[in-house]
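Residues per chain, in single letters:
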Amino acid sequence: EKALLSKINFRIITENTSRVIDLESGGLDIALAVGVNDIKRLQNNPELELIQFTHTGIRYGAFNCSKEIFADKRVRQALNYATDVETIFNVLYEYGLGAMRANTPVIPLLSGRNTDLPQYEYNPEKAKALLAEAGYPDGFSVVYNYLANTTNTRLGEMLQAQWAEVGVELIMSPLESATLTAALNAGEHDFCTANSTYALGDTIEGLYSFFHSSMHGTSRCRAFLSNPEIDALLDEARVEQDEARREQLAYKIQELIHDEAPWIYIGYEYYNIGLKSDIKGFEPAPNSAHDFSRVYIEQ
């Protein structure tokens, strides 16, 4: 079917606020990525519309379980307890303007999501006890490799302050994109943050790519977790065709992953799109592969 528009011009504008300013001034009709800090500007402008929805990604911190310091799950659990995720979430996402709080590694769009997992509440004393039990009563130092930008720096600074309360020194190590990706794929990092997507829109495939030991060294596996029971259940679920059994397996896999604590769940980020009020027919896709064929400008 023929598209309604004769032509679409795409522009790459790397700075969030510049993108919104261009939308406000009429230089853009649609802004495909609106930053959290600009959401209220769109909401308060009657000539603009904000489309907001959860997409296929989850924002998290990942411990490299192949490193000696994080080989013991008690250390990973301790740093989950040492992290005030509520405060971090509220600062990064303007008290829920830009994301939903994450409480499981599976995104809200997908089936088989286990929302009954007991959460790691902020409890520095429990964190200290676990660290002492694991043989680190005086703490240790950990390097945080991250893409150098404002959000990641702010996140690192909050973790730095919180983990210092339990004796863990977080060393900030910002890197440019290519260097960071190579380091993470090689498993050179101690700790990193990431926003990973369920590319195929399937719970089991996503969990497999994040946590199966065969995925070590790939761009989707940041925790380098090795757990034979999780591997076996993922292998079984991957070929299971009965949906009820597959969902049952997904629940169990999430329980085991949650106990292993390879991640700190932060948020399911919203995809924020701004458009002029005269733009009609635009229906965004959760995977960002938007179809513009039915888009038109109301005269």
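Quick caveat, the model's predicted, so the values are computed rather than measured.

Each value, and the rule that gives it
- Per chain, residues are indexed from 1 in the order of the written sequence.
- Reporting in this predicted model follows two pLDDT cut-offs: at least 70 for local features of residues, and 80 or more for side-chain atom pairs to be given and counted; totals over whole chains, interfaces and linings ignore these cut-offs and use all residues.
- Only hydrogens and water are set aside when side-chain values are computed; all heavy atoms of the structure are taken into account.
- Per the convention used, a helix needs a DSSP run of H or I reaching at least four residues, while a strand needs a run of E reaching at least two, with both numbered from the N terminus.
- Radius of gyration here is computed from C-alpha atoms only, and the compact-globule reference equals 2.2 Å multiplied by the residue count raised to the power 0.38.
- Any two residues whose heavy atoms approach within 4.5 Å are treated as being in contact.
- Using a 1.4 Å probe, the Shrake-Rupley method yields the accessible areas, and only the shown protein chains count as cover for residues.
- In these notes, a set of buried Ala, Val, Leu, Ile, Met, Phe, Trp, Tyr and Cys residues joined through side-chain atoms within 4.5 Å is what counts as a nonpolar core.
- Working definition: with a 1.4 Å probe on protein chains only, accessible area under 20% of the residue-type maximum means buried, over 50% means exposed, and in between means partly exposed.
- Should DSSP find at least two bridges between two strands, the strands are regarded as paired.
- With the strands pointing away from the viewer, any crossover whose connection runs clockwise from the first strand over the helix to the second is right-handed.
- Any residue with an atom within 4 Å of a point lines the site, the site being either a cavity, points on a 1 Å grid over the protein atoms alone where a 1.4 Å probe fits but cannot get out, or a pocket, an open set with protein on both sides within 12 Å along at least 5 of 7 lines.
- Grid points are joined across faces, edges and corners, and a volume is the space filled by probe spheres set on the points.
- Polar here means any residue outside two lists: the nonpolar Ala, Val, Leu, Ile, Met, Phe, Trp, Tyr, Cys and Pro, and the charged Asp, Glu, Lys and Arg; Gly therefore counts as polar.
- Only the stretch in contact is used when fitting a helix axis, every axis being a line fitted to C-alpha atoms; angles between N-to-C directions are given from 0 to 180 degrees.
- When describing relative orientation, an angle under 35 degrees is termed roughly parallel and one over 145 degrees roughly antiparallel, while 65 to 115 degrees is termed roughly perpendicular and anything else oblique.
- Take the far helix as the reference: if the near one is turned anticlockwise from it by less than a right angle, the crossing is left-handed, and if turned clockwise, right-handed.

Draft legend 1. Structural detail: the overall build of the protein chain. Helix and strand counts for the protein chain stand at ten helices and ten strands. Taking 299 residues into account, the globule formula puts the C-alpha radius of gyration at 19 Å, and the protein chain, at 21 Å, falls close to it. Structurally, the protein chain occupies a C-alpha span of about 70 × 45 × 35 Å along its principal axes. A separation of at least 24 residues holds for 74% of the contacts in the protein chain among residues at least 6 apart in sequence. Carbon and sulfur atoms form 48% of the exposed surface of the protein chain, whose accessible area is close to 14,200 Å².

Draft legend 2. How the structure looks around the nonpolar core. Core analysis: the largest hydrophobic core is formed by 36 residues, its most contacted members being F140 and W163. Elements that contribute at least two residues to this core include exactly α3 (73-81), α4 (85-92), α5 (124-133), β5 (140-147), α6 (150-164), β6 (168-175) and β8 (263-276). Those residues in contact with F140 that sit more than four places away from it in its chain are I69, F70, V75, L79, L131, G167, V168 and E169.

Draft legend 3. Summary view of the pairing of β6. Pairing geometry for β5 and β6, over eight bridges, is parallel. Directly across from F140, in β6, lies its bridge partner V168. In this view, the connection linking β5 to its parallel neighbour β6 by way of α6 has right-handed handedness.

Draft legend 4. View of the layout of surface pockets. Taken as a whole, the largest pocket holds about 1,300 Å³ of empty space. Taken together, 39 residues make up the lining of the largest pocket; nearest its centre are R59, N149, T151, N195 and E269. Among the elements of the structure, α1 (16-25), α4, α6, α7 (177-185), β7 (191-197) and β8 are those that each provide at least two residues to the lining of the largest pocket. Tallied by class, residues from the lining of the largest pocket come to 13 nonpolar, 18 polar and eight charged.

Draft legend 5. Main features of empty space enclosed by the protein. All chains considered together, the criterion is met by one cavity of 30 Å³ or more. Forming the boundary of the largest cavity are G61, T83, I88, L155, L159, F191, T193, I264 and I266. Mapped by element, the contributors of at least two residues to the lining of the largest cavity are α6, β7 and β8. When its residues are assigned to classes, the lining of the largest cavity shows six nonpolar, three polar and no charged.

Draft legend 6. Local environment of the packing of helix α9 (residues 228-239) against helix α10 (residues 243-260). At a closest axis distance of 10 Å, the pairing of α9 and α10 adopts a crossing angle of 160°. Accordingly, the angle class assigned to the pair α9 and α10 is roughly antiparallel. The interaxial crossing formed by α9 with α10 has left-handed handedness. In contact with E229, I230, L233, L234, E236, A237 and R238 of α9, α10 contributes R245, R246, L249, K252, I253, L256, I257 and E260. Here the residues of the contact of α9 with α10 sort into eight nonpolar, no polar and seven charged.

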